[in-house]
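The residues making up each chain are set out below.
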Amino acid sequence: MATPSKTPPGADPKQLERTGTVREIGSQAVWSLSSCKPGFGVDQLRDDNLETYWQSDGSQPHLVNIQFRRRTTVKMLCIYADYKSDESYTPSKISVRVGNNFHNLQEIRQLEMVEPSGWIHISLMNPPISTFMIQIAVLANHQNGRDTHMRQIKVYTPVEESSIGKFPRCTTVDFMMYRTIR
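Computed from a prediction, not measured in an experiment: that's the story for all the values here. (Residues numbered from 1 in each chain as written. Predicted model: local features only at pLDDT ≥ 70, side-chain atom pairs only at ≥ 80, totals over all residues. Heavy atoms only, no water.)

**Quick look at the overall build of the protein chain**
Across its full length, the protein chain carries four helices and twelve strands. Buried residues in the protein chain amount to 44% of all 182 residues. Of the roughly 10,300 Å² of accessible surface on the protein chain, a fraction of 50% belongs to carbon and sulfur atoms. (Helix = DSSP H or I, 4+ residues; strand = E, 2+ residues; numbered from the N terminus. Buried < 20%, exposed > 50% of the residue type's maximum accessible area, 1.4 Å probe, protein only. Areas by Shrake-Rupley, 256 points an atom, 1.4 Å probe, with all protein chains shown as cover.)

Right, dumping it as structure tokens:
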């Protein structure tokens with residue numbers, strides 16, 4: 001049983017993106033949920049707003065499925081949970097599974113969370129995970145809650161070094177706007 005790497009409340013994983021070592025790839029995936037209340041689905045889970053959330057509607061386990069079109073290397077998952085706002089809807093036990101499709105998923109991490117508040121970073125490295133599909137399963141909630149709330153999920157891949165040559169990392173906002181050739 002792994003323990004998540006918990007950041008201080010309010011610590012944003014986008015700070016990692018600004019270092020140039022990771023890139024958020026959730027927009028390249030097809031997202032699906034085991035269930036949701038109307039108006040509380042994938043759009044709210046991915047809208048970059050910490051006030052909105054996905055709310056499940058059914059029996060456990062509650063599932064978030066993330067499918068990529070091609071095999072993708074994933075370095076880290078970041079999940080935003082807020083026990084103070086969500087109480088019994090807050091996940092307390094999560095399983096992370098990877099595979100090629102629904103039929104061959106294997107659990108690689110299981111996390112116990114005690115009253116989480118903020119971004120929870122789940123490392124998927126050592127060895128690096130290269131997969132077509134990630135499934136996040138909510139196995140239990142705090143106070144034995146039935147449905148769950150997840151406010152945001154981010155998926156990060158490592159940034160590969162250029163094969164053309166090594167250039168210094170562009171870390172300022174002005175440089176990052178022009179660091180990619182189209």
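**Topic: the pairing of strand E5 (residues 62-74)**
Sheet analysis places strand E3 (residues 29-33) next to E5, joined by five bridges and oriented antiparallel. Along E5, the bridge assignment pairs Ser32 with Asn65. (Pairing = 2+ DSSP bridges.)

**So, the packing of aromatic side chains**
The relative placement of two aromatic rings is captured by the distance of their centres and the angle of their planes. Applying the stated criterion across every chain yields a total of two aromatic pairs. Pairing Phe40 with Tyr53 gives two aromatic rings, centres 5.2 Å apart and planes at 25°, and the pair type is stacked. Of this pair, Phe40 sits in the loop between E3 and helix H2 (42-45) while Tyr53 sits in the loop between H2 and strand E4 (54-55); the two residues are 13 residues apart in sequence, bridging distant segments of the chain. Tyr53 gets classed as buried once you look at its relative accessible area, which sits at 17%. Between Tyr80 and Trp119, the ring centres sit 5.3 Å apart and the planes meet at 70°, which makes this aromatic pair edge-to-face. Separated by 39 residues along the polypeptide, Tyr80 in strand E6 (residues 76-82) and Trp119 in strand E9 (residues 117-123) bring together distant segments of the chain. (Phe/Tyr/Trp six-rings, centres within 6.5 Å; stacked < 30°, edge-to-face > 60°.)

**Observations concerning the nonpolar core**
Grouped together as the largest cluster of nonpolar side chains are 28 residues, with contacts concentrated most on Val64, Ile66, Ile134, Ile136, Met150 and Val155. When residues of this core are traced back to their parent elements, those giving at least two are E3, E5, E6, strand E7 (91-99), E9, strand E10 (129-141) and strand E12 (152-158). With sequence-adjacent residues up to four places away left out, Met150 is seen in contact with Leu45, Tyr53, Trp54, Ile79, Tyr80, Pro91, Ile94, Ile136 and Val138. If you look at the next biggest cluster of nonpolar residues, it comprises six residues, including Met76, Cys78, Trp119 and Tyr156. (Core = buried A, V, L, I, M, F, W, Y, C linked by side-chain atoms within 4.5 Å. Contact = heavy atoms within 4.5 Å.)

**What to know about the side chain of Arg151**
Inspection of the secondary structure puts Arg151 in the loop between strand E11 (149-150) and E12. Owing to a relative accessible area of 6%, Arg151 belongs among the buried residues under this scheme. A distance of 2.9 Å separates a polar atom in the side chain of Arg151 from the backbone oxygen of Leu50. Here the side chain of Arg151 touches Asp86 through a polar contact of 2.7 Å, side chain to side chain. Residues in contact with Arg151, not counting those within four places in the same chain, are Gln44, Leu45, Asn49, Leu50, Glu51, Thr52, Tyr53, Tyr80, Asp82, Ser85 and Asp86. (Polar contact = N/O pair within 3.5 Å; in protein donor to acceptor, adjacent residues only side chain to side chain.)

**Some words on the environment of Gln60**
Structurally, Gln60 can be placed in the loop between E4 and E5. In this structure Gln60 comes out as partly exposed when scored by relative accessible area, which is 32%. Looking at Gln60, its side chain comes within polar contact range of the main-chain oxygen of Gly145, at 3.3 Å. A polar atom in the side chain of Gln60 sits 3.5 Å from the backbone oxygen of Arg146.

**Remarks on the sheet that holds strand E8 (residues 106-112)**
Strand order in the open sheet formed by five strands is E3-E5-E10-E7-E8, and the pairing between neighbours is antiparallel. Each end of this open sheet is capped by a strand with a single partner; those strands are E3 and E8. Put simply, the sheet's adjacent strands are angled 15° from each other on average, direction ignored. Note that E7 and E10 share eight bridges and pair antiparallel. Paired with Val98 across the two strands is Ile134, which belongs to E10. (Axes fitted to C-alpha atoms, helices over the stretch in contact; angles between N-to-C directions.)

Function cannot be inferred from these measures alone, as they are strictly geometric.
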